[in-house]
Every structure is written in structure tokens, then in C-alpha cells.
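Working through the structure, step by step
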Amino acid sequence: TRYVYRFGGGVDDGGQGDRNLLGGKGANLDGMAAIGLPVPPGFTITTAMCTRYYEDGGVYPDSVRAEVATGLAHIEGITGKTFGNAADPLLVSVRSGARASMPGMMDTVLNLGLNDETVIGLATTSGDERFAWDSYRRFIQMYSDVVLELDHGAFEEALEIAKEDQGYSLDTEMTAADWKMLVAEYKALVEKLWNRPFPQDVHDQLWGAISAVFGSWQSERAKVYRRLNNIPGEWGTAVNVQAMVFGNMGETSATGVAFTRDPSTGENVYYGEFLINAQGEDVVAGIRTPQYLTLAARERAGAKPLSMEEAMPETYAELAGVFQILETHYRDMQDIEFTVQQGKLWMLQTRSGKRTAKAALKMAVDMAHEGLITEEEAVARVDPAALDQLLHPTLDPKAPRDVLTKGLPASPGAASGAIVFDADTAERRAEMGDAVILVRVETSPEDIHGMHAAKGILTARGGMTSHAAVVARGMGRPCVSGAGGISIENKTKILRVGGRELKEGDILTIDGSTGEVMAGEVPTVQPELAGDFGVLMVWADKVRRLKVRANAETPQDCKVAREFGAEGVGLCRTEHMFFDAARITAVREMILADSEKGRRLALDKLLPEQRDDFAQIFMVMAGLPVTIRLLDPPLHEFLPHGEAEFEDVAKAAGVSVDTLKRRANELHEFNPMLGHRGCRLGVTYPEIYEMQARAIFEAALIVKARGGEAPIPEVMIPLVATRKELELMKAIVDRVAADVFKEQGESVEYLVGTMIELPRAALKAGEIAEVGEFFSFGTNDLTQTTIGISRDDAGRFLTQYVDKGIFARDPFVSIDVEGVGELIEIAAERGRKTRPGIKLGICGEHGGDPASIAFCEATGLDYVSASPYRVPIARLAAAQAAL
Ligand code: PEP
Ligand code: MG
């Protein structure tokens, strides 16, 4: 097996680059080299080697050592420099590059190949002694951190002390002699902390770095990132070894990052930052504040330092040309790293850029209009889950704002929450249900769990491409970065801004679209659904086969669902209507009654209310199917809690509190989820289902009489396990329908069907379909009962199940295709055999999950049903599944 692929200088072993093998970075370096762009020569060690490295317990086959030697010779041949040569040394960078980009997650080592001898060679060949010693100390610092895993604080401290001793405030004031002295101190530090001298053999350095990159694949922060982004652990990372180019060789050198379009808004303008006389990591780390790439951006921001367009017009023009070539070649917005070494432009990386949902949408639609991609590709480009960001409220422009300061609009959307100053607290408070804003000087990959838990992120330092900005955009969290006006005191947990002090727990609002930071909570408004969103949805609907319905039980939810394009209601959970404050007493009276007569009295009070609910829903959903599920939850969920509630019910029912309490005790269940619920309620208390059926048909006739389009009720029986249960329940519904139609001399069409949410029902679907006219898969309960994991208690251990690879994803979020999925396939097949063309849908939470929707498409279901806000997500996911 070949493990090393060379690129640059007219060689591209990988051709157009297989990203599974070469990783994203390696594949694109190869790709850029192949189309003749200026790429420093190098080679990629494949992801397959990473996997083998772990399988073999961290040793390398001899063949790889030989291949790496060939790779080095390739770089040496092109650069004319020799690795480890004291007179004219070759220096390399060693970087990770996984299949899917994992920004900030993996490690990088720069300036590798420097030692006590080669540093002198570098000083001579570059004619810049200061640069050589600065590079050496950077290398020791980075290598000690990433490869030797020594405490990097110690190195930063040594640098601070060195500057203090000399009375400097900036790194740039350090002279060659100062750096040289610091190198000596760094080496002593390594020896002290590592008990061994800093490696002087450049090959030891190289293999140490390669192993560190492979090792970083299993670091905690990489694991967390993979879990959050569903990246499989077995993919592994590639290692890229590349000739160093230097952005820190004086005023004609620079380093920068750029996007071919604005990753925040999607606008078709170049966007980026650069730093003169700096090395790559300086930009990303947010240590110095970078300068704008374009004149327009600088002017818009009212910033002083010259943009690259002004400071280096020729190189800028060349770079802009490269942007065009890359966008046309990769047919997508690119995120680029470049370096200018003494006026010469070098491309260090390109990849499809991370973008906000808003930008993804705009770019997809724009690119289709530009003819760069097709409409179908545009549909495929937008991550359905990311639409979530767009469908949620933004700050009310009319609401008053107490603006504290303004930072950079790093990731759009608005968020309010309690201030927290560290990631662990963010996570803890979020678990308790608090909305929190994570406030940091700058974020690092260690903060990722807190960023995920927070509603929004605010940082004092860092640009638009800082870690916080990139990660927040990827996660869809609103973020304001580089808010220089704030100062943070971590010890006392105080945030100071404009002479004011805010404590941990105080409420803060950030607007990631404008960069504003505000005290207190600012009200929000609903988003605009026209524009690009509307255009993409039209394209999606053209290719979609699955219908999309909504889980909704109020007229308001139904309205939202219709606006979002729902084609019916797939699940109206009638019990939610019972919790209404005005009705709950009657519901309790019904439940606690100890005779049918008592229950009927209470049900009579509920009938007009329920009829009114249904009538309103039918009005909103005019002409569309509405699946109404008869009462499902365990009765105990409705029981009164405190004394006062018991008294209310006692008064309404005309019995004593003691009697009620006794009755409540009788109703107690040990395992209510498998207890007296679902159609078991209808079997034991048929009068409940009778009342509900009556309310449905009377409401349907009311709407019909008003001249509205007749609704199409689909009456759904929950938690059916046997054909007989459904037969009994359907008989009730049909009888009531016949009664109502006779009373009113008018009728409507309707269906009676069942949920498939128990394994037995799935297996016996052939029989059940003899009675049921439609099936709706209740995958919440079906998952619970198939795997035998309680849907209400799973949270405590399921993350571990995912971490340990027992499940690829939480099966309550994304369908367990192999297990639960097989039951669905069995039920669909057996149901169709009995009743060809039987209508099949899904109404569990999975109905809004893109991966599960792909499964539903493959299984040939007729529709998916999701909560109103997820309807557009489902429409897009259904379209993608059909492509
Ligand atoms: C289900 O079980 O998947 C379902 C939709 O019903 P509920 O969540 O109300 O139990
Ligand atoms: Mg259920």
C-alpha cells in the first residue's frame, strides 16, 4: 500500500485528490498544484496510515519511512534546500487534515527542521538573523506544546519576562540577540519539564510531529467536535508535510486568510484578513488585530490600517485572480490560507468555506443564478439542519436597546441569556435549562462544549476568522467577537464595559448580525420567509416526493406550519388541549370519576371545548388532511398535584377531597409509559373516545357548513398492539360518525387508522391493515419499545453510548435504521400487502431529522410530519433524499 502522495513543482501524485485518502487539506493542495497554482511543494501521508498507526499500536512500517524520505527528496529537489543541512536548511510545516474539516481541532507545527546549527544557516541564507532566531523560538514553543505536550503557559511567561526585562511591550521590539537568549531559556525549560534536551535531530523532530498529528485525532477536543458534527472516529486524519514559506520576512511579506464570498452574509465580495510581517498562526490566534483584505471592507468598517488591496496592490490582484480560478474549479465558496514571502504569493490551503445558514442559502441561490451550479445542486448545498438558524426570531428593530458596546458581527442571529465566563459553567447552567451567553477574552478549542451549550458567544479579542467566529458560525450560534470595549476579570467574574459592571448571571443580549452587545433582554420578531429562502424552497419542492406535514395542536401552530409549507397535520396530540387552565379541572374530574356516569358528566363539559379546538384547526388547515390522535398519555399525567388542585376538582365534581385522593392513589402506576395509556384508555373508557370522535365530526360539519373547504379528518388510534384493539376502537369512531351524520343530515369523508409504535404492531401490520386505513409510525415510542430504553430517562447514559460507538447517533434523534428501521420496513411491506396503497407516514420526532427523512424516502413512505419550525428543514431534506 502506498501511504505518501507528493504535490507541488509539477508533481501531483494524487491527481484531483481523493479526500477520503488524502484528507481535505491534502486533496486540495494536490488539486491546486494540479491546476498550476503556486503551492509550496510537499507530501501527504494518508488517512489509511492513521488507521494503521492505531491498529499497529503507534509504530510505522519501514515502507512508510522510505516513502517519507522520497517525499522529503521531492521537496528538496524543488526548493534546492536540504532538510537538516547546516548551510541552507529546508524547513517544513506539519499539519493535520481530516476528511471533513475540523477547524482548530487538530495540531500544526511550523518551522520544523530548525536546530542549533540550521538556525545559523537560516540566518545566513535569509540575511536576517532576527527572523531566524524568532523562527527557532516559535518552533520550540509550538513543538513543546503540540508534540511534547509541555505546559505552554511556562513558555509564554518566559517571553513576557524577557520583554519586561528589556522594557518592551511588543514582540516586535525583540532583537536578534533577545530572541537568541530566549531560545536558550526555552531549551532549558524543555529540559526541565521533559527531562530530555530539545530534539536536535531533524528527523526525530519530523517523526515526533507526524505522530503528534496522528495522536491528536484521539484528543478529547477532537472527539467532542466529532460527536457534535457526526464525524466517524474511524476516518482518521492525514498529515501534510510542506516546505515552509514565510510571511514574517519583513514588510513585503504577509500572511492571511480569505473567503471568496462573505461567509456571514453570503454576499459575492472577497472577504478576509491579513497581517504584514507575520506567521500564519498569528491571524487565527487573534493575537494581533488583522487588517482588512479589501479597500471596500476597510472603508465600510472605518478602519485605519491599509487594506491588502492598498498595501500590496499587485499581489492582491494576483490573489483575486486565484480566488476566481478556485471558485470556478471547485464550484463553491472557498476558504483560503495564503502567505506572501517577499512579494511572492503562495497558497497554503483551500477548502469549501464554512458559512452561516443565511450565507449558505444566498450563495446557493446566487451560484445557481450565475450558472456556476444547477438548481438541484443548490438544493443539495444547503444543510437542512442549518435552516433552523434562519427560521428563528431576530431582534425586534423597534424595541429599545441598551447598547453597551459593539464588536464584530461574527455569526448572525440574536441571543439573550445569563452571562457565564467559562465553558463548564455554561454547560452546567444550560443543563439546568438556563439560557446563557458565554463571555471569553478569546475562545480556544477547549471551550467547544461550552460554546455548544451557550445560546450565544461574546469575545473581547479575535477577528472574524478567529476560533470563536469560525466555530460559532459552524454551530449556528450567534457570536460577537473582538468586542474591544469590554474587559473581563475571570477571577471576580466581572465584565466591565463603558464604566459599567456586569456580574455572572446578569442578562445580556448579543446581535451577531450587527455586533451589538446589549444589557438585558431585547424582544424578538419572526423572520422573513421570502427572498432566497422562498426561491430555494420552490426548487426543493420540485424534486421532493415525500409530503411534509406538521405536528401541531393549536390553530397558531397550524398557521405557522402552513406558512412554512406544511401539507397537512400529521399529528394533532389531543391531550395537549386538555392541559389548558380552563379545562384541566374538567379533565381531572373525568379521570377521577369512579363511574361511567361521572365520566360522562365531565366529558359533556369538555365536548364543546374540544369541538371548538378542532373547528379552528380545520379552518386553518382547510382542504388539507388533519390527523387527529385520540387520547394517548397515561392518566397519571393529568392527576392534580397540590391541595388546591384537589379542592378545585372536588368542588366541580361534588365529591370530597379524600375520595379524590383515594381515587388518585388507585390510579398510581409503576411504569406508566407501559401502563394505562393509548388505546387502552379507549378500551376501558370508551366514552372518552366517543366524546372525541363526536367533537371531530361535529367540528368538521361546522366548517363544511360555513362554506369552507371540507376538512379531511384522519382519526388515529394510538399504541395499538393487536388487530382486535383497533377493530373495537374503529367501531366506536364509525358509530359516532354515523350518529353525527344522521343527526345533521350531512357528512364528510374520513379515515380511521393507527399509529405503529409497538413492535408487535409492526410485526402484525398485515392483520392490522385489514382494519386500519392508514399507518403513522410513532417512532418515539417505537424506538423506546424496540430498544427498551426509556425515552424520558435515556439522556443520562445515551451520550456515553454514542461516545463508545454503540450507537452512531442518539436513536431518539436519528432513527436506528438497522433495528427500528427494519421494523418499519416490515410493517410497511406487510401493511401494503394487505391494503395496497395504504397511506404511510411518520410522526415521531424523527420526522424532522434529515437522516431519518432519507430513510423514510428509501422506504417509500408517503409523508413525514415534524414540528412547525422543522417543516422547511423536512422539505429540504426530503428534496435532498430524492436527488
Ligand atoms: C411517538 O410515539 O412517536 C409519537 C409520535 O407519539 P408520542 O410522542 O405522543 O408518544
Ligand atoms: Mg407515542
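Residues numbered from 1 in each chain as written. Chains lettered and ligands numbered in written order. Predicted model: local features only at pLDDT ≥ 70, side-chain atom pairs only at ≥ 80, totals over all residues.

- If you check an unreviewed UniProt entry, the protein chain appears there as Pyruvate, phosphate dikinase from Sphingobium psychrophilum.
- Among the UniProt annotations of the protein chain, the heading Function (unreviewed entry) holds the following wording: "Catalyzes the reversible phosphorylation of pyruvate and phosphate."
- The record held by UniProt for the protein chain lists under Sequence similarities (unreviewed entry) the comment "Belongs to the PEP-utilizing enzyme family." (UniProt positions renumbered as here; feature names shortened; annotations may be inferred.)

**Overview of the site of ligand 1**
- In the neighbourhood of ligand 1, the contacting residues comprise Leu-571, Arg-573, Asp-632, Glu-757, Gly-778, Thr-779, Asn-780, Asp-781, Cys-843 and Gly-844.
- Of all the secondary structure elements, the ones that give two or more residues to the shell around ligand 1 are strand S28 (569-573) and helix H32 (779-787).
- The element that contributes the greatest number of residues to the shell around ligand 1 is H32, accounting for three residues.
- Partitioning the shell around ligand 1 into residue classes produces two nonpolar, four polar and four charged. (Near = placed C-beta within 6 Å. Helix = DSSP H or I, 4+ residues; strand = E, 2+ residues; numbered from the N terminus. Nonpolar A, V, L, I, M, F, W, Y, C, P; charged D, E, K, R; others polar.)

**Let's talk about the sheet that holds strand S31 (residues 751-756)**
- The eight strands are arranged S27-S28-S29-S30-S31-S32-S33-S34 in a closed barrel whose pairing can be described as parallel. Strand-to-strand twist of the sheet, defined as the mean angle between neighbouring strand axes without regard to direction, takes the value 25 degrees.
- Two elements, strand S30 (residues 712-717) and S31, share four bridges in a ladder whose sense is parallel. In the sheet register, Glu-714 faces S31, and the bridge partner there is Leu-751. (Pairing = 2+ DSSP bridges. Axes fitted to C-alpha atoms, helices over the stretch in contact; angles between N-to-C directions.)

**Concerning the sheet that holds strand S18 (residues 436-440)**
- Pairing in this open sheet of eight strands is mixed, and the strands run S15-S25-S24-S17-S18-S19-S20-S16 from one edge to the other. At either margin of the open sheet sits one strand with a lone partner, and together these are strand S15 (402-406) and strand S16 (408-411). Each neighbouring strand pair of the sheet contributes to a mean axis angle of 35 degrees, computed without reference to strand direction.
- Those strands touched by helix H17 (residues 423-431) are strand S17 (414-420) and S18, and its axis lies near 180 degrees from that of S18. (Contact = placed C-beta atoms within 7 Å.)

**Thoughts on the UniProt feature "domain: Pyruvate phosphate dikinase AMP/ATP-binding" (unreviewed entry) in the protein chain**
- Listed under "domain: Pyruvate phosphate dikinase AMP/ATP-binding" (unreviewed entry) in the UniProt record, and renumbered for this structure, are residues 20-59 and 66-369.
- Segment residues 20-59 splits into 60% helix and 10% strand. End C-alpha atoms: 22 Å apart.

**Considering the nonpolar core**
- Counting residues in hydrophobic clusters, the biggest one holds 260 residues, and the most contacted among them are Ala-364, Ile-437, Leu-438, Leu-536 and Val-864.
- With eleven residues, helix H28 (residues 686-705) is the single largest residue contributor to this core.
- The residues touching Leu-438, leaving out its near neighbours within four places in the chain, are Val-420, Ala-423, Ala-426, Gly-450, Met-451, Ala-454 and Ile-457. (Core = buried A, V, L, I, M, F, W, Y, C linked by C-beta atoms within 7 Å. Buried ≥ 20, exposed ≤ 12 C-beta atoms within 10 Å, placed from the backbone.)

**Some remarks on the domain arrangement of the protein chain**
- Split by domain assignment, the protein chain resolves into domain 1 (254-355), domain 2 (392-525) and domain 3 (547-882).
- For domain 1 versus domain 3, the distance between C-alpha centres works out to 54 Å. (Domains from an automatic or database assignment.)

**Regarding the packing of helix H5 (residues 129-146) against helix H7 (residues 176-194)**
- One can describe the packing of H5 onto H7 by two numbers: an axis separation of 8 Å at closest approach and a directional angle of 20 degrees. Of the possible angle classes, the one that applies to H5 and H7 is roughly parallel. With respect to the hand of their crossing, H5 and H7 are arranged in left-handed fashion. Residues Glu-129, Arg-130, Trp-133, Asp-134, Tyr-136, Arg-137, Ile-140, Gln-141 and Ser-144 of H5 form the contact with H7, whose participating residues are Ala-176, Trp-179, Lys-180, Leu-182, Val-183, Tyr-186, Lys-187 and Val-190. (Parallel < 35°, antiparallel > 145°, perpendicular 65-115°, else oblique. Left-handed = near helix turned anticlockwise from the far one by under 90°.)

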